[in-house]
Each structure stands twice: as structure tokens, then as C-alpha cells.
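These are the residues of each chain, in order.
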Amino acid sequence: MRDRPSPNQNSRDEPSRIDMLVLHYTGMATAGVALERLCDPRARVSAHYVVEEDGVIWRLVPEHRRAFHAGVSCWEGESDLNAVSVGIEIVNPGHEWGYRRFPEAQMAVVELLCRELVARHTIPPHRVVGHSDVAPQRKSDPGELFDWARLARAGVGIWPPRSTPHTGLTVSAAQSFDDLASIGYCLSVDLQTPALVAFQRRFRPSCCDGQLDIETAARLTEVRRAFARSRAATSSASHTSKLKAVCSPCK
Ligand SMILES: [Zn+2]
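An account of the accompanying structure is given in this report. (Residues numbered from 1 in each chain as written. Predicted model: local features only at pLDDT ≥ 70, side-chain atom pairs only at ≥ 80, totals over all residues. Heavy atoms only, no water.)

### What about the coordination of the zinc ion?
This is how the line gets drawn: The donor set comprises N, O and S atoms within 2.8 Å of the metal, extended to 3.2 Å for Na, K and Ca; water molecules are omitted, so apparent gaps in a site may simply reflect that omission. Whether a residue is buried, partly exposed or exposed follows from its accessible area with a 1.4 Å probe, protein chains only, as a fraction of its type maximum: under 20%, in between, or over 50%, in that order.
Surrounding the zinc ion are the protein donor atoms H24 (ND1), H131 (ND1) and D141 (OD), which sit 2.1 Å from the metal. Exposure remark for H131: the relative accessible area of 3% places this residue in the buried category. Note on D141: relative accessible area 4%, which makes it buried.

This is the structure we're talking about:
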């Protein structure tokens, strides 16, 4: 890991609370240009880590500090996600400069880094998101070529198994709105299509056209259930630890 300190950081209100991981692509022509911008005080953007295509990791901002990566964003009704998250920029030219697959050398390092962060900060699966999930009207990263399934197999984030949608399934805009909100997307009427595109990029990457087809509707149900299971497991785990804390003096 190499250090390249960025001035684009400030203090976290609650340094002990880091419970979210936000993944990005750099979306710039080269890694060098991206690193320069992420360290340029005039740009006011940064991330904690940058992972190059050959797997080199740069540390720009210490984790206990607030990096400027998520911008105007929202998840589960909460904004100022920079205050509670770690941000990783994954080098890729992005949709603007020639979006391409993330090489194996890069993905292996991203997987290792994410596993370590999730374990050390106890970040639950439903709090691992892409930038497009938390800013769907502005962002498309890390995009539909990013291998979320691989990360989920490593215990990072959520990727429920896909089932074949049954033909009797009805497609309802109201239900999809409800599903997206239950998963964590922050919605208003004008955000529903961008949020659906963000959902498709992440969970149904073969087609991200913002259309509510049967496959998308079925996937929404699967993903909603998986997020609910993750939240239930997390709240029961914290409940158990609280009970232990209360009961330990009784021994
Ligand atoms: Zn981003």
C-alpha cells in the first residue's frame, strides 16, 4: 500500500461510527489523472483508497478522517454518508471514457481490502453500496460490469441467488417503489426511474434501462428480502451483545 495524502478531508463528527462502505469507479481517462484530481485542493474530492487496475493500492485519507467521496447522497434516509463511510475509488475510465471490465488483479485486491474493512469496522452487508445506489440521479459508478456477486461470496455486501421469475408475477409501479425504499434507496417521484436504473446496474446488470419488467420486479423482491434478512441479523446481533453487556455483572 502506498501513501499519497489528499488535502480533501476533514474530521468525522463521530470517528467511532464507521458502518458503511461506498464503492466507486474513478471515471477518468487514466489512474494518474484520477489520483491528481483526488489530491487537488481545488477539486474538493477524495476517497480513503484508490485501487489501480494492476492491484496497487493508494491510501489518500486516513480512515478516522472524513473523505469527500459520496457528495450529495442518501441511503436508508440518511445523508452525509461521508461522515459514516469508507470510500474506495476503483480505477476504471467509466462510462464517459471507455467503460471496461475490472481486471482480475484489481478485483482480487478490492475483495481483500473490502473484506478487511468490513471485518474491522463491522460493516453489515446492507451497508455496502455503490455510489450510484446513494446518488442515482447523478452517478453510475461502479456500474454494471462490477462483480458484486464475487464480493458477496467473500462476505462483502449482498447478492441473493437469482431465481427464474414466474409468469404469474404482476408488475406494479407502487410495489417497486415500496421495494426500492425498503432496500434503502431514497426516493421521490422524480427519483424512481434513476433509482430503478441504479438497482438494475447493481442487481440485474444485463439490462439497465429503467424499465420495470418482470425480471426486474422479481429481482426487487429477492433483493428486498435479502436486505431485510441482513438488517434482522444485524439488529439481533447488536441486541445480543447489549444483553451480554447487561448480564455480565450478574455472573
Ligand atoms: Zn463515485
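### Considering the sheet that holds strand β4 (residues 49-51)
So the rule is basically this: Here, any two strands with at least 2 DSSP bridges between them count as paired. Secondary structure follows DSSP: runs of H or I at least 4 residues long count as helices, runs of E at least 2 residues long count as strands, and numbering of each begins at the N terminus. Here a residue-residue contact requires only that any non-hydrogen atoms of the pair lie within 4.5 Å. For helices, the fitted line uses only the C-alpha atoms of the stretch in contact; every axis is such a line through C-alpha atoms, and the angle between N-to-C directions lies from 0 to 180 degrees.
Within the open sheet, the 6 strands sit side by side as β1-β5-β4-β7-β3-β8. Their pairing is mixed. Edge positions in the sheet fall to β1 (2-3) and β8 (128-130), since each has one partner strand and no second. In terms of strand pairing, β4 meets strand β7 (residues 85-90) through 3 bridges, oriented parallel. Looking at the pairing, V51 lines up with I90 of β7. Of the strands in this sheet, β3 (20-25), β4, β5 (57-59), β7 and β8 are in contact with helix α3 (residues 104-121), which crosses β7 at around 175 degrees.

### Details of the pattern of salt bridges
Where charged atoms of side chains with opposite charge meet at close range, the side chains can pair. Where we set the bar: A pairing counts as a salt bridge when a side-chain nitrogen of Lys or Arg comes within 4 Å of a carboxyl oxygen of Asp or Glu.
According to the stated counting rule, one finds 23 salt bridges in the structure shown. In this structure, R120 engages E63 in a salt bridge whose closest nitrogen and oxygen atoms are separated by 2.8 Å. Taken together, the residues R120 in helix α3 and E63 in the loop between β5 and β6 (65-67) connect sequence positions 57 residues apart. Here R120 falls in the partly exposed class, since its relative accessible area comes to 42%. On the accessibility criterion, E63 (12% relative accessible area) is buried. Note that E215 and R204 form a salt bridge whose closest N and O atoms lie 3.5 Å from each other. Pair noted here: E215 is in helix α8 (residues 214-247) and R204 is in the loop between α7 (192-203) and α8, with a separation of 11 residues, a long-range link. Given the relative accessible area of 32%, E215 is considered partly exposed. Several salt bridges converge on common partners, so that one network encompasses R17, D19, E76, E78, R127 and R231.

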